[in-house]
Amino acid sequence: SERMLFACRRAANQMTSGMRYLCMNPFNSSTSEANCLIYYDQDGGAYDLLMTADVSRPDKSQTHQGQCQGICFTARNRFAVLSKDGSISIMNLNNENTKKFEAPNGMTPDNIFPGGNNRLVIKGEDKLVLYDLTSRKVINELTMSGGARYCVWSPNFGHVALLSKHAIVLADKNFALLHSVHETARVKSGAWDENGVFICATATHVKYVLPNGDSGIVHSLVRPIYIQRIARHHMYYVDRDNQVHKDRLNSAEYLFKLALHKRQFNDVKTWIKNGRLCGNVVIGYLKKQGFPEIALHFVEEQQTRFNLALEYGHIEEAMTAAQALDDKDCWTRLGVEALRQGNQQIVEMVYQKTRNFDALSFLYLITGNTTKLKKMLAIAEKRGDVMSRFNNAMMLGDIEERVKVLSEVGQVPLAALTAQTHGLTEMQELLAEGVQGVDIGNAIPADAELLLPAIPVYRADAEHTNWPLLMSTQAIFENNLAQAAAEAAHAAAQAEEPPMEDAMEALDVDDDPGAGWGDDDAGAGVADPSAWGDDLDLDLGDVPDVAPVPAQTATLSRGESAAARWLKKRKLVGDLVAAGEFDEALNTLQRRIGLANAAPLQPLFREAYMGVNSFLAGLPQAPAVQFPILASGSLSSSTLTPFTFHNATSLMEGLKEGNKLTTAGKFQEALTSFRKVVQSLPLAVANSQEEDQQLTEFIDICREYITAMRCQIAQRASATSDAKRSIELAAYMTLCKLQPTHTVLTLRGAMSAAFKAQNFITAASFARRIVSGNAAAARQPELVAQARKLLAVCEQKGSDAMHLEFDHRETDNFTICASSLTPIAAAAPTARCPFCQSVYKAEFKGQVCSTCELSEIGANTLGIQFRPI
């Protein structure tokens, strides 16, 4: 039911002023009293404090008013007020000032938000500070490009969502960054549900964001809404007509993902059965998250089940699907995967199914199963396969059989030679007629040695033929996996029976060494202890009964890798690349710098990954052992950071190399050097505020030099074909912020080019800049003297032969388009690269930046980050 709690003041002008937001006291647990703060933007900012001791008597409410720039509750009986002068006051419910302080770290605040009990979030431009009012210390800081417009806390103040125009940043109660989401549509509002999932409304959709970073769409919107509360699968919101609505929220998808993230498999099972989830979407998500065994339960089509099971190495599931399909190609693929996993029993069954006799013989050879290898020889004889007989005889070391095969196929001399070489006199006599009295002993080498297959040192029994596994996966869905296990057992039973009636009958081997004893305990009767002399009448004293000790099974579990541990502490792009998480690194760069062209980063990613990881060769047929190179901590510690391959020192060396190439006039090589530095900067990590500032300056340096080198290369290309364009490009180079030495060189070139083209006014402006004072120019007195003479001549001429797209009088406000290398009018719309900040004409928006060759021009991003906030 609806009832009125408070009456608010009416705005003096509905078009320009009015109530901006309302805040109920989240720290008040009383059901009878209520406290409310209302902020108005009239009169430069004002607030009302509304209180009532009895919510059923709104006429008994009290009101206090004041001036402010921002306001929020900090405790049950306290609220904070941001004054226009930037100071912050803590007020009690009588509207009395109890404490006043300035914003920390010298920041200029423009708004405040609640931060929990006795905590305050202070916003200043793009920075947000979580401030503890009791200890008067800054707990943590966050930077949000564009500034936060709203700060939404979960009901228990365990998580916070910061909303800007096109971004959502999730953090924990201490402002540790969890995840950030970029939206193309404007973010309108949001609220947390009781499960810790943030539900937000954009201009076009209602979406969800999980604390682990997963996000998705709940449903689309016809018109914008403003979410106020999420509770019990219902969404409470206000539309633009100020009408309150309550709609049921389809929470199946995000609650399923949340249960999977928390490893609550009983809830996962429930949502799979009752959530009406989209099969293909959920299968893709489960595969991405590493739960293919759960994804198998969404698939009923046997071919898809087989491919999915085989992709993730679930041999039993794949065998069940292969039996249903009974396709030779499927059996072959199953055999390859089973062989990779060392599952000899399934490999043997697959080879029998597909009648791959050669592979089966080789399997018995490498496993030392000579008994079955002899039976393969018998099968080859029944099949009439001469080559198979000879190969099996070779693998068994059966010389007599080899001689028989050779003689049967007409190779009597070779059979006789084999018999004589191995000393088989009886067989040699039988074959003597076939050689027609030829002495074949001359063909036997004097140093001949006997070569036979190695004798197996160890033959595994039937229970230990397969490679051991670390641990079996616990059943998640009892009924389904029990059924799958039953089918697998049935398949194993079928594998024990040879599938081929005639040729494979010889493979029936009695593998039970105890079969000759008959049935276990059959006819043994009951033993008489006295007949064996057993006397258990022992004097054991007062020894208490010993309780049986339950059997314990030890299971092994794999610990966290070093990469997983350092990513918990710090998740910068350089850390992700060092951990091998290339996909997540690219996604982060897309949000941070608007990455649109990842091709230049491929060698840099590979270089950074190999530079941080060392590899030790293992045993034969075993993978190499990986050891990351750490900057701090050790592999046994919980807190560790990887070695930073791209840092301020290494990038400084790249800049020095570029400067040397520029001085030497190797402009194409210098362009490549500076571009490599700027493309390496997204992977850089700063360890201090000074390094952070230095890396930011590197971006500006590379931008200026890349533009200058491009102008120089284009100027040389057009020197003979377009003199006007050549002079313009030389003039544009002089506007780039280079080192003094290089600036003098650009002025010298532009002055000479303009003078030769009889543009004396333009040449005089360059000469005047050289003469007017420059430390680098002062070290070249000959150049200064030449510039003085040229200036005198130009002042006498006082004319320009051609009109240039360059005004030497407006050099301070002169802007060059980084794509077309042409000037941009002062009032013309522009677009910038979100990474290197190169300026472009508006027509180039959406294209790849010509300077860094990475980012999309005009993209709205969070901004580059070099160190953890």
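Residues numbered from 1 in each chain as written. Predicted model: local features only at pLDDT ≥ 70, side-chain atom pairs only at ≥ 80, totals over all residues. Heavy atoms only, no water.

### Structural notes on the pattern of salt bridges
- Scanning the entire structure with this criterion turns up 23 salt bridges.
- Of the charged contacts in the structure, one is a salt bridge between Arg 305 and Glu 317, with a shortest N-O distance of 2.8 Å. Taken together, the residues span a long stretch of sequence, with Arg 305 in helix α5 (residues 302–311) and Glu 317 in helix α6 (residues 315–325) at a distance of 12 residues.
- Residue Arg 305 is classed as buried on the basis of its relative accessible area of 17%.
- Between Arg 389 and Glu 401 there is a salt bridge; the shortest N-O distance is 2.7 Å. With Arg 389 in helix α11 (residues 386–396) and Glu 401 in helix α12 (residues 399–408), this residue pair connects regions lying 12 residues apart in the sequence. (Salt bridge = Lys/Arg side-chain N within 4 Å of Asp/Glu carboxyl O. Helix = DSSP H or I, 4+ residues; strand = E, 2+ residues; numbered from the N terminus. Buried < 20%, exposed > 50% of the residue type's maximum accessible area, 1.4 Å probe, protein only.)

### Re the packing of aromatic side chains
- In total, this model carries 16 aromatic pairs according to the counting rule given.
- Measuring from centroid to centroid gives 5.9 Å for Tyr 47 and Phe 79, while their planes differ by 65 degrees, and the two rings are edge-to-face. Within this pair, whereas Tyr 47 is found in strand β3 (residues 46–52), its partner Phe 79 is found in strand β6 (residues 78–82), the two being separated by 32 residues in sequence.
- Following the ring pairs from residue to residue traces out a cluster consisting of Tyr 732, Phe 766, Phe 806 and Phe 814.
- Its guanidinium or amino end placed over the ring of Phe 357, Arg 383 lies 3.9 Å from that ring's centre, counting from NZ or CZ. (Phe/Tyr/Trp six-rings, centres within 6.5 Å; stacked < 30°, edge-to-face > 60°. Lys NZ or Arg CZ within 6 Å of the ring centre and 35° of its normal.)

### A word on unusual backbone geometry
- The backbone phi angle of Asn 95 is positive, close to 65 degrees, even though this residue is not glycine.
- Along the polypeptide, Asn 95 turns up in the loop between β7 (88–92) and β8 (97–101).
- Residue Asn 95 is classed as buried on the basis of its relative accessible area, which comes to 19%.
- Look at Phe 175: it is not a glycine, yet its phi comes out positive at around 65 degrees.
- Relative to the helices and strands, Phe 175 is located in the loop between β15 (167–172) and β16 (177–182).
- On the basis of relative accessibility, which here comes to 1%, the residue Phe 175 falls in the buried class.

### Quick notes on the packing of helix α8 (residues 344–353) against helix α9 (residues 357–366)
- In contact at an axis separation of 9 Å, α8 and α9 are set at 155 degrees when each is read in the N-to-C sense. The pairing of α8 with α9 is recorded here as roughly antiparallel in orientation. The two elements α8 and α9 cross, and the hand of that crossing is left-handed. Seen from α8, the contacting residues are Gln 344, Val 347, Glu 348, Tyr 351 and Gln 352; seen from α9, they are Ala 359, Leu 360, Leu 363 and Tyr 364.
- Grouping the amino acids of the contact of α8 with α9 by side-chain chemistry returns six nonpolar, two polar and one charged. (Axes fitted to C-alpha atoms, helices over the stretch in contact; angles between N-to-C directions. Parallel < 35°, antiparallel > 145°, perpendicular 65-115°, else oblique. Left-handed = near helix turned anticlockwise from the far one by under 90°. Contact = heavy atoms within 4.5 Å. Nonpolar A, V, L, I, M, F, W, Y, C, P; charged D, E, K, R; others polar.)

### Notes on the environment of Arg 779
- Mapped onto the elements of the fold, Arg 779 is located in the loop between α26 (775–778) and α27 (781–797).
- Note on Arg 779: relative accessible area 60%, which makes it exposed.
- Along the sequence, Arg 779 and Thr 741 sit 38 residues apart, while their C-alpha atoms lie 9.6 Å from each other.

### Points about the pairing of strand β22 (residues 234–238)
- Taken together, the five bridges between strand β21 (residues 226–231) and β22 define a ladder with antiparallel strand orientation. Residue pairing for β22: Ile 230 is matched across the bridge by Met 235.
- If you look at the hairpin formed by β21 and β22, you'll find two residues sitting between the two strands, and Arg 232 has a positive phi there, around 50 degrees.
- Sheet topology note: the β22/strand β23 (residues 244–248) ladder contains five bridges and is antiparallel. The partner of Tyr 236 across the bridge, within β23, is Lys 246.
- In textbook terms, the turn of a hairpin is the stretch between consecutive antiparallel strands, and for β22 and β23 this stretch comprises five residues, one of which, Asn 242, has a positive phi near 60 degrees. (Pairing = 2+ DSSP bridges.)

### Notes on a nonpolar patch on the surface
- Among the surface-exposed residues, Leu 616, Val 625, Phe 627 and Leu 635 lie close enough to one another that they form a single nonpolar patch of about 320 Å² accessible area.
- Secondary-structure assignment places Leu 635 in the loop between β26 (630–632) and β27 (641–642).
- Judged by relative accessible area, which is 37%, Leu 635 ranks as partly exposed. (Patch = residues over 30% accessible without salt bridge, like charges linked within 9 Å, V, L, I, M, F, W, Y side chains within 5 Å. Areas by Shrake-Rupley, 256 points an atom, 1.4 Å probe, with all protein chains shown as cover.)

### Focus on the nonpolar core
- Residues Leu 695 and Phe 835 are the most contacted members of the largest nonpolar core, which totals 90 residues.
- Sorting elements by how many residues they give to this core places helix α22 (residues 689–717) first, with nine residues.
- Counting 42 residues, the second-largest nonpolar core is a separate cluster that includes Leu 260, Met 319, Trp 331 and Met 395. (Core = buried A, V, L, I, M, F, W, Y, C linked by side-chain atoms within 4.5 Å.)

### Remarks on the confidence of the model for the protein
- On average, the protein scores 82 in pLDDT, and the residues at 70 or more come to 84%.
- Segment residues 494–547 is flagged for pLDDT under 50; beyond a separation of four residues in sequence, or across chains, it makes 33 contacts in the model.
- Below a pLDDT of 50 lies the segment residues 549–555, which in the model reaches zero contacts outside its immediate sequence neighbourhood of four places, other chains included. (pLDDT = per-residue confidence, 0-100.)

### Remarks on the side chain of Asn 25
- Tracing the sequence through the fold places Asn 25 in the loop between β1 (19–24) and β2 (34–40).
- When sequence neighbours within four positions are dropped, the list of residues in contact with Asn 25 reads Asn 35, Phe 73, Ala 75 and Arg 76.

### Some details on the pairing of β16
- Pairing between β15 and β16: five bridges, direction antiparallel. Across the sheet, Ala 171 pairs through a bridge with Leu 177, a residue of β16.
- Once β15 ends, the chain turns through four residues before running back antiparallel as β16, passing Phe 175 with a positive phi of about 65 degrees.

### Observations concerning the sheet that holds β15
- Ordered by their spatial adjacency, four strands build an open sheet running β13-β14-β15-β16, and the pairing between neighbours is antiparallel. At either margin of the open sheet sits one strand with a lone partner, and together these are β13 (150–153) and β16. Along the sheet, successive strands turn relative to each other by an average axial angle of 15 degrees, direction set aside.

### Structural notes on the sheet that holds strand β20 (residues 215–220)
- Pairing is antiparallel across the open sheet formed by four strands, whose spatial order is β17-β18-β19-β20. Each of the sheet's edge strands pairs with one partner strand only, and the pair in question is β17 (187–192) and β20. Neighbour to neighbour, the strand axes of the sheet diverge by 25 degrees on average, direction disregarded.
- Relative to strand β19 (residues 205–209), strand β18 (residues 198–202) runs antiparallel, the two sharing four bridges. Considered in β19, the bridge of Ile 199 is made with Tyr 208.
- Contacts between helix α1 (residues 252–261) and the sheet are confined to β18, β19 and β20, with β19 contributing the most and set at about 10 degrees to the helix.

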